[in-house]
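Observations on chain architecture
Residue strings, one per chain:
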Amino acid sequence: MGEGLLTPGDGPAPGHASAQPGPGPPRPGGGRAPRPRSARGTASAVLLPVSLALWLAALRDVDLDAMRDLGLLQVLPGIFWAALGLLTLGFCLALSDRRTHRGLLAAHTLGLIAVLHATPTLLYPTLRYSWAWKHLSVIDARLRNGGEVPDAGKLSVYDEWPGFFDLNGLFLRATGLDSGVGYAAWFPAFTNALLLGPLLLLYRSVTRDPRLVWGAVWIFYSCSWVGQDYFAPQAFAFLMFVTVIALVVRRLPTSAAPAPAPGPGPGPGPPEGGRAPPGAAPKRPPAWPPGLLAAVLVVVAAIAASHPLTPLMLVSALALLALPRRNRRVVLPVLAGAVVATVAWDTTVAWSYISTQLGDLVGAVLEPDANIASGLATLGTAAPGQTLLSWVDRILSAAVFVLAAVGFLTRPWTRRTGLPLLVLAPLVLLAVNAYGGEMIFRAYLFALPAAALLVSAALLPPTPGTGAGPPAAPTGGPRAPDAPALRTLAVLPVLLAMLGGLVFGYYGKEAVNRFTPDEVAAARFVTDNAPPGSRIVSLTSDVPGLDRFYDRHERVQLAAQDPEDKQRLVRDPLDGVEGYVYGATPTRPAYIVLSRAQTMNCYLTGTLPASLTPRLEAAMAGAEGFTRVWDTADATVFRYVTPPPDPPGGDGT
C-alpha cells in the first residue's frame, strides 16, 4: 500500500505495532541520522506561517456594521478564506507524509483553533454573546451574596448547579480581578485548545495510526458548529466529559494503548523462590489504579455539580460502553460513581428545580417525537440567510453521521472499539427531553468526538506498519511521483466542505452576538442607576450586562411573552409596552432598553418585526410618563414613571 490518502481496503484491528516511521540510516559515529523532510513536509511547514500571517492581515479594517443575514461570512475579506484554505492544504500535505513530525500536525491544529475561535475576539471590542454576559452576572451575584443568590427569579437555576460559577469566583478572588469579562472573551479559543489533549488521548486509545488520529482531531474541530464553547458551564462540563470518556476508553481491553504488565494483586503471591506453579495464570492487573479512579470520580462529581445535561450524557455513554462483557471491569466503577453523583446532587442541591420539572419530564418521555422535532422546527419567519444557515447546519450534521456509518461498515476494526456505542449514546436522550429545542444539537455535539474518528477511518487510509491496515506493498518498484499529491487533493475538498459548513453555523449569527461599546455602556447606565425593585424591559435578551444585578431588578423580555401579548405589542407598541411598566413609581421606575442587537435579532429570527424598534421608540418619545435618559447610535433607554391620575372632575388637559 502506498502513502496516499484514498487507498481502498482494510485489515485487522489496530494492534500494538509502533506507529513511528522507521529510523534513518546509521551515522558513522553511531546512532541514527534524522529522516530528511520531504517536499510535502517542507511545503506544509511553509504554508503554516503564511496562512497565519494572511489570517491576521485579513482582520484589519473589517466593516462589522455591514453584518446582516450571514454574520461574519458577509464581511470577512477573501484573504481570510484563502488563509483557511492554505492552512487546510498544509495540514493535508503533512498528513500524507509518514515522516511528518507530530509537532507540525499539532501546530496546524492549534492554528485552526486560533483562526476559527480567536477571530471574533480579535475583531470585537467587547465580549460576544449575551449568555456569556449573563454568566458573568451570575458569578458576580454569587460573590456578592457569598453563595446562593436570593430573589434570583428564573436565574435561580444557576444556584442548583453552581460548580462552574464558583470555580470562576475562586479564580477571581485568587487573582484579585474585579470581573472575568477580560478572560471570558478568550474562553472559546482556550477551551478548544485544552480539548485537544483529551481528544488525542481518546483517539490514541483506539488506534495507534497517527494519520487517523490527527485526521479525526481536524475533523472534530471542522464539524463542531454547535457553538457551545463560549463562557458557559456547558463548555466546562463538555471538556470534563471528553476527559472522562478518554480515560475510560484508555483502560478498555480493546484499547490500542500498551497493556500494563501483570503485577501483584490481592491474594497469595508466588511460592518462595519467585516462581509461580507450572500452568498458573498470571494475575490480572486491577482495572483502575486507585489514585486514577479517585481522580476520575472527582471529575465526575464536578460534572454533576456544574451542568444538568452533561451528567445524563455521561451516564448514557458509560451505560452503553458497559454492554460488552469485556468492558465491565473498567466501566462499571465509573458508571456507578456517575449514577451516584448525579442522583445525589439532583435529589439534594438541585431538587428545588428538578421537582418542578418532573411533570414536563414525564410528558417528554411519553412524546419522544415532539422532542426530536423541537430542534428541527421550520424557520418560516426567519431572514433568508438564517434559513439557509439552518439547512447548512443540518446537512453538515447529517453528513457527519453518514460518513461515520461508512467508517463503521468499511473498517471492520472500528466495530470492536467503543466508538459506535459512544456515537449512539447521546441519541438515546433525544427521547427524554427537548432541552428547550436544543437536544438534537446537544446530542450531535456529544456524539461528535467518537464520530470524528469513524469519519477519519472512512476518509483516510491506514498508515502501513501501524496495525490499522493491511501490510505495506513492496517498495522496490517505481512509483508515480504525483500519486501522494493527487490522493491528498482528493480528501482536501471534503475537509474544506466541512469547514465551509462549520462557518455558517459558527459565524452566521454574529450580527446578534456582537455588541458595540455603546450597547455595553447603555446597559451599564441602566444597572448603575436603576433603584432596587425597578423593572427593566427589553425586546429580546440581547443586551450585554443587563442582568448585572438580577437579584435587585426584575427583567421582562417582550419577545418571550405570550403570543397574544406580542400581537398587541405589534398592533399598538405603546399600549403593548405599557402593560408591563404600568405602576412604576419614582422610587421603583421602569426602564425600557432598545438597541441594535435586539433589532437585529428580531430581523434574523422573525420573533418580532424588525420595524417594531423604531415604532416603539417614536411612540414612547411622545407619550406621558416616558423620559429618554440615554440616546446613542446603537442604544436608547427610556425611564418610565406612571403619571398621576387626573383630579376628579378634570378634563385631562
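Residues numbered from 1 in each chain as written. Predicted model: local features only at pLDDT ≥ 70, side-chain atom pairs only at ≥ 80, totals over all residues. Heavy atoms only, no water.

Some points on the pairing of strand β3 (residues 590–595)
Burial of β3 is extensive: six of the six residues sit out of reach of the surface. On β3, burial covers both faces: A590, I592 and L594 on one face and Y591, V593 and S595 on the other are all buried. Strand direction decides the pairing type here: β3 and strand β5 (residues 635–640), joined by six bridges, are antiparallel. Across the sheet, V593 pairs through a bridge with V637, a residue of β5. (Buried < 20%, exposed > 50% of the residue type's maximum accessible area, 1.4 Å probe, protein only. Helix = DSSP H or I, 4+ residues; strand = E, 2+ residues; numbered from the N terminus. Pairing = 2+ DSSP bridges.)

A look at helix α1 (residues 39–58)
Taking 1.5 Å of rise per residue, 20 residues should cover 28 Å, and α1 covers 28 Å from first to last C-alpha, within 8% of that figure. By the burial criterion, the buried members of α1 are R40, G41, S44, L47, L48, S51, W55 and A58. (Expected span 1.5 Å × (residues − 1).)

So, the pattern of salt bridges
On inspection of all chains with the given rule, the structure shows 16 salt bridges. In this structure, R144 and D551 form a salt bridge, with 2.8 Å as the shortest nitrogen-oxygen distance. Of this pair, R144 sits in helix α5 (residues 130–145) while D551 sits in the loop between β1 (535–538) and β2 (554–557), and the two are 407 residues apart along the sequence. Notably, a salt bridge pairs R596 with E519, separated by 3.2 Å at the nearest N-O pair. Here the residue R596 occupies a position in helix α24 (residues 596–605), and E519 occupies one in helix α21 (residues 517–529), the gap between them amounting to 77 residues. An identical accessibility class is assigned to R596 and E519; each is buried. One network of salt bridges, in which partners are shared, links K134, D547 and R555. (Salt bridge = Lys/Arg side-chain N within 4 Å of Asp/Glu carboxyl O.)

Thoughts on the side chain of T109
Relative to the helices and strands, T109 is located in helix α3 (residues 102–117). Here L105 takes part through its backbone oxygen, which lies 2.9 Å from a polar atom of the side chain of T109. Those residues in contact with T109 that sit more than four places away from it in its chain are F91, L196, W214, V217, W218 and Y221. (Polar contact = N/O pair within 3.5 Å; in protein donor to acceptor, adjacent residues only side chain to side chain. Contact = heavy atoms within 4.5 Å.)

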